[in-house]
Amino acid sequence: MKVGVFDSGLGGLTVVQAIANSLKGIEVFYIADTLFAPYGEKTKEQILKHSLDITNYLIKTHKIDALIVACNTATSAAIINLREEFPNLIVIGTEPGVKPAMQTTESKSIGVLATPATLSGEKYQKLLKDLSLEHEVMVYDQACKGLVEQIENGKVSHVDTHKMLTTWLEPMKEKSVDTIVLGCTHYPLVSDLIKEIMGANIKLIETGSAIARRLESLTSNNIKNKETRIKVFYTGEIKKDMINMILENWEDGGKIMVREVYEQ
Ligand code: DGL
């Protein structure tokens, strides 16, 4: 079972981590499109082109059976086209967990942190509209411009990252937000900072385990052997120590790291 996964950078590895913890015996080909990061500040057309190019590469070179778009921004910009373009491929996207957050909140007040492109995209706007018919919950969303770069640069506990998050989160605190949606796959990497600012009781909603469950439900019959293999490819610069930091929590020891440059 070969699974292709992509994101603009390291963030999607938080999704791969969830997959690797619950599915054994798969081979993961991970593309970090760092040359073009951050996606969240690019146009829909640009993100769509990269998503199609990467998927073509994963199909042709690595013969993948399933694709995970481990990026809320690329899912918003490209998932419909990817499904149309590759009808025989299992395609799983990533969407901010607004629904589980609405079901979890007790204060009826939630925060959503995501990239500018995700929040302004039609997909998110429609999700909010649909959910507001079912739930009476106040939603405070915040575009976190610059946060992805801080994380890609390994500044996950840097004072500037703390300052950025404080500016965005203090107003949510004042509105009694008790649940925050991490609407970008990079943001689980700053969970500790968010808890420091919002208090340890804040509930954080991420989507990695839901994606792992979805993949399992679509593919479990194909998984035969036990070893899980992960190959990480990247298009530009990457912080290797960040990869190690994210991977060190993995339960499965059978991972293989390979550096290869994907040429666009
Ligand atoms: N990790 C991505 C997401 O989930 C995108 C980050 C970016 O490149 O802006 O939205």
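Shown above is the structure to which this text applies.
Quick summary incoming for the structure in this document. (Residues numbered from 1 in each chain as written. Predicted model: local features only at pLDDT ≥ 70, side-chain atom pairs only at ≥ 80, totals over all residues. Heavy atoms only, no water.)

1. Re the layout of surface pockets
Of the pockets and cavities examined, the second largest pocket occupies roughly 370 Å³. Around the second largest pocket sit 22 residues that line it, and G93, E95, T207, A210 and I211 are the ones nearest its centre. Broken down by secondary-structure element, the contributors of at least two residues to the lining of the second largest pocket are β4 (90-92), α4 (98-104), α6 (122-134) and α10 (208-219). Broken down by element, the residue count for the lining of the second largest pocket peaks at 6 residues, all from α10. Counted by class, the lining of the second largest pocket contains 11 nonpolar, 5 polar and 6 charged residues. (1 Å grid on protein atoms, 1.4 Å probe; cavity = no way out; pocket = protein on both sides within 12 Å on 5 of 7 lines; lining within 4 Å. Points joined across faces, edges and corners; volume = space filled by probe spheres on them. Helix = DSSP H or I, 4+ residues; strand = E, 2+ residues; numbered from the N terminus. Nonpolar A, V, L, I, M, F, W, Y, C, P; charged D, E, K, R; others polar.)

2. Focus: the pattern of salt bridges
Inspection of the entire model under this criterion finds 6 salt bridges. With a closest N to O distance of 3.9 Å, R229 and E27 form a salt bridge. Pair noted here: R229 is in strand β9 (residues 229-234) and E27 is in strand β2 (residues 27-32), with a separation of 202 residues, a long-range link. Judged by its relative accessible area of 19%, E27 falls in the buried class. We note a salt bridge from K126 to D130, for which the minimum N-O separation is 2.7 Å. Of this pair, K126 and D130 both sit in helix α6, separated by 4 residues, roughly a single helical turn. Judged by its relative accessible area of 36%, D130 falls in the partly exposed class. (Salt bridge = Lys/Arg side-chain N within 4 Å of Asp/Glu carboxyl O. Buried < 20%, exposed > 50% of the residue type's maximum accessible area, 1.4 Å probe, protein only.)

3. Looking at unusual backbone geometry
Note the cis peptide between A37 and P38, where omega equals -5°. Tracing the sequence through the fold places P38 in the loop between β2 and α2 (44-62). Of note, the phi angle at K63 is positive, near 55°, even though the residue is not glycine. In this fold, K63 is placed in the loop between α2 and β3 (66-69). Exposure remark for K63: the relative accessible area of 53% places this residue in the exposed category. A positive phi is found at S176, a non-glycine position, where the angle reads about 60°.

4. Comments concerning the packing of helix α8 (residues 159-174) against helix α9 (residues 191-198)
The relative placement of two packed helices comes down to the angle between their axes together with the axis-to-axis distance. Two elements in contact, α8 and α9, have axes separated by 9 Å at closest approach and are oriented at 45°. As judged from the angle between their axes, α8 and α9 are oblique. Judged by the sense of rotation from one axis to the other, the crossing of α8 with α9 is right-handed. The segment α8 lies against α9, with T161, H162, L165, T166, L169, E170, M172 and K173 engaging L193, I194, E196, I197 and M198. (Axes fitted to C-alpha atoms, helices over the stretch in contact; angles between N-to-C directions. Parallel < 35°, antiparallel > 145°, perpendicular 65-115°, else oblique. Left-handed = near helix turned anticlockwise from the far one by under 90°. Contact = heavy atoms within 4.5 Å.)

5. Describing the sheet that holds strand β1 (residues 2-7)
Within the open sheet, the 5 strands sit side by side as β4-β3-β1-β2-β9. Their pairing is parallel. Each end of this open sheet is capped by a strand with a single partner; those strands are β4 and β9. Pairwise comparison of adjacent strand axes, ignoring direction, gives a mean angle of 20° for this sheet. In this sheet, β4 lies alongside β3 in parallel orientation, the contact comprising 3 bridges. Bridge assignment links L67 to a residue of β4, and that residue is V91. (Pairing = 2+ DSSP bridges.)

6. What about the packing of aromatic side chains?
Aromatic rings in a pair are described by how distant their centres are and how their planes are angled relative to each other. Counted under the stated rule, the structure contains 2 aromatic pairs. Judged by centre distance (6.5 Å) and plane angle (80°), the rings of Y57 and F233 are edge-to-face. Taken together, the residues span a long stretch of sequence, with Y57 in helix α2 and F233 in strand β9 at a distance of 176 residues. Residue class for Y57 comes out buried when judged on its relative accessible area of 15%. We note K42 situated over the ring of F36; from NZ or CZ to the ring centre the distance is 4.9 Å. (Phe/Tyr/Trp six-rings, centres within 6.5 Å; stacked < 30°, edge-to-face > 60°. Lys NZ or Arg CZ within 6 Å of the ring centre and 35° of its normal.)

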